[in-house]
Amino acid sequence: MINQSYYSNIKRILLIVLILNVAVALAKMIYGWMTNSLSMVSDGFHSLFDGTSNVIGIIGITLASRPPDKVHPYGHEKFETFASLGIAFLLFITCFEILQSALDRFYNPQVPEITLISFLVMGITIIINLVVSQYEKNQGIKLGSSILVSDSKHTRSDVYVSIAVILGFIVIKLGLNLIDPLISVIIAILIARMGIEIIKSSSSVLLDSAPLEEELIRKIVVSVPKVKNSHKIRSRGLASHIYVDLHVTLESCSSVDEAHEIAHLVEDKLKTSINGIQDVVVHVDPCEEDS
């Protein structure tokens, strides 16, 4: 069953974050270009790709919200994960462009114009990014959305990059002009690191790594009346769309109808105990009569 309100809420949040990210990026890029500050322009590109990642997220969520069909009986939720990989790809492109610009600045040094407004622009954008990232994280936890939580970390990293730029401004004011392209290199490294982290987290979903601990599931299952034990426990999927299958053994032999009802109780218990579980397949093992 596709929860359309879940996807609608995520798209709305991503759109709000997109507008704010683009505003922050334009402020940094325009003023950085006016003052000839490569580190500020680089940070602006970083913020711009925060916005681009929001666009990719919106597209991915739109595709993920499509209902299951004959070709995709488990639904299209993994489009959310593919969208994250698209974000990582764009980050690597940005990293390359920044490194290229920094290398050119090393060979052709230019002195950026650092003023009080430079510090003011960066300070305001840091505050905006802190508010945006915290809002996105809180909503991601509330909705159980992995893409919102991941994107909030992406936005939060912009804060650290901006702080590095401000420190660079201070050093440049002291006369060390080569610090400007050097900070751009550091920013590029931070961006590449984010891309690698996104690939790692996305790969775990695509490779069906277990999102839930086996022992946690077993404790919940054996708390159901007449269930003796559980084994062959498997789980996969996104944190917001988890699929579980398992075997159970009963305390005593039961009729087919009773075993079927116990299986339903196990499914309901897991769904109410753990947020994000969409489907549970329960196999009741044959009863072994005492001899």
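On a predicted model such as this, the values are computed, not experimentally measured, just so you know.

(A) Just the overall build of the protein, in detail. In terms of regular secondary structure, the protein is built from 8 helices and 3 strands. For the protein, the N- to C-terminal ordering of α and β elements is α-α-α-α-α-α-α-β-β-α-β. Its C-alpha atoms give the protein principal-axis dimensions of roughly 90 × 35 × 30 Å. Out of the 291 residues in the protein, the part that is buried amounts to 45%.

(B) Spotlight on the pairing of strand β3 (residues 277–284). In the sheet, strand β2 (residues 241–250) pairs with β3 via 7 bridges, with the strands oriented parallel. Counted as the bridge partner of His 247 is His 283 from β3. For the crossover that starts at β2, traverses helix α8 (residues 256–273) and ends in the parallel β3, the hand is right-handed.

(C) Structural view of helix α7 (residues 214–222). Residues of α7 that are buried: Ile 217, Arg 218, Ile 220 and Val 221. Burial along α7 is one-sided: seen end-on, the buried residues are contained in an arc of 165 degrees. Where α7 is buried, its residues meet β1 (227–238), β2 and α8.

(D) Examining the packing of α7 against α8 more closely. Where α7 contacts α8, the two axes come as close as 9 Å, and the packing angle between them is 125 degrees. Put simply, α7 runs oblique to α8. Note on packing geometry: the crossing formed by α7 with α8 is right-handed. Along its contact with α7, which presents Ile 217, Ile 220 and Val 221, the element α8 presents Val 266, Lys 269, Leu 270 and Ser 273. Across the contact of α7 with α8, the residue classes tally to 5 nonpolar, 1 polar and 1 charged.

(E) Looking closely at the pattern of salt bridges. A full pass over the atoms with the stated rule returns 6 salt bridges. Note that Glu 197 is salt-bridged to Arg 193, the shortest N-O span being 3.6 Å. With Glu 197 and Arg 193 both in helix α6 (residues 179–206), this residue pair falls 4 residues apart, about one helical turn. For Glu 197, a relative accessible area of 43% puts it in the partly exposed group. Of the residues examined, Arg 193 reaches a relative accessible area of 54% and is grouped as exposed. A salt bridge links Glu 258 to Lys 226, with the nearest nitrogen and oxygen atoms 2.4 Å apart. With Glu 258 in helix α8 and Lys 226 in the loop between α7 and β1, the pair connects residues that are 32 residues apart, well separated along the chain.

(F) Structural view of the nonpolar core. Among the nonpolar cores identified, the biggest contains 40 residues, and Ile 10, Ile 187 and Ile 191 are the most heavily contacted of them. Of all the elements in the fold, those that place two or more residues in this core are α1 (4–35), α2 (38–64), α3 (79–107), α4 (116–143), α5 (146–173) and α6. Sequence-distant contacts of Ile 10, defined by excluding residues within four places in its chain, comprise Ile 61, Leu 143, Ser 145, Ile 147 and Leu 148.

(G) Here's a closer look at a nonpolar patch on the surface. A cluster of nonpolar side chains, contributed by Leu 103, Phe 106, Tyr 107, Leu 182, Ile 186 and Leu 190, occupies part of the molecular surface with about 580 Å² of accessible area. Residue assignment for the nonpolar patch shows that the elements contributing at least two residues are α3 and α6. Turning to its location among the elements, Ile 186 is positioned in helix α6. According to the relative accessible area criterion, Ile 186 is partly exposed, its value standing at 41%.

(H) Layout of the side chain of Arg 218. Within the secondary structure, Arg 218 is located in helix α7. A distance of 2.9 Å separates a polar atom in the side chain of Arg 218 from a polar atom in the side chain of Glu 214. Within the structure, Arg 218 has its side chain in polar contact with the side chain of Glu 215 (distance 2.8 Å). When sequence neighbours within four positions are dropped, the list of residues in contact with Arg 218 reads Asn 229, Ser 230 and Ile 233.

Analysis parameters
All chains use their own residue numbering, which begins from 1 and follows the written sequence. Local features in this predicted model are restricted to residues of pLDDT 70 or higher, and side-chain atom pairs are both shown and tallied only at a pLDDT of 80 or more, whereas totals for entire chains, interfaces and linings draw on every residue. Hydrogen atoms and water are omitted, and side-chain values are computed over all heavy atoms in the structure. To qualify as a helix, a DSSP run of H or I must reach at least 4 residues; to qualify as a strand, a run of E must reach at least 2; elements of each kind are numbered from the N terminus. Note on classification: 1.4 Å probe, protein chains only; a residue is buried when its accessible area is under 20% of the maximum for its type, exposed when over 50%, partly exposed between these limits. Two strands make a pair as long as DSSP finds a minimum of two bridges between them. If you view a crossover with the strands going away from you and the path from the first strand over the helix to the second runs clockwise, you call it right-handed. As used here, the arc is the angular range of directions from the helix axis to the C-beta atoms. We call two residues contacting when some pair of their heavy atoms lies within 4.5 Å. Lines fitted to C-alpha atoms define the axes here, with helix axes fitted over just the stretch in contact, and angles between the N-to-C directions of these axes take values from 0 to 180 degrees. Angle categories: roughly parallel below 35 degrees, roughly antiparallel above 145, roughly perpendicular from 65 to 115, and oblique for all the rest. Each crossing is labelled by how the near helix is turned from the far one, with a counterclockwise turn of less than a right angle marking it left-handed and a clockwise turn marking it right-handed. Polar here means any residue outside two lists: the nonpolar Ala, Val, Leu, Ile, Met, Phe, Trp, Tyr, Cys and Pro, and the charged Asp, Glu, Lys and Arg; Gly therefore counts as polar. Throughout this description, the term salt bridge denotes a Lys or Arg side-chain nitrogen within 4 Å of a carboxyl oxygen of Asp or Glu. As used here, the term nonpolar core means buried Ala, Val, Leu, Ile, Met, Phe, Trp, Tyr and Cys residues forming a set that is joined through side-chain atoms within 4.5 Å. Patch definition: residues with relative accessible area over 30% and no salt bridge; like charges joined within 9 Å; nonpolar side chains (Val, Leu, Ile, Met, Phe, Trp, Tyr) joined within 5 Å. Each accessible area is a Shrake-Rupley estimate made with a 1.4 Å probe; only the visible protein chains count as cover when residues are assessed. Polar contacts, as counted here, are pairs of nitrogen or oxygen atoms within 3.5 Å of one another; within protein the pair requires one atom able to donate a hydrogen and one able to accept it, and residues that are adjacent in sequence qualify only if both atoms are side-chain atoms.

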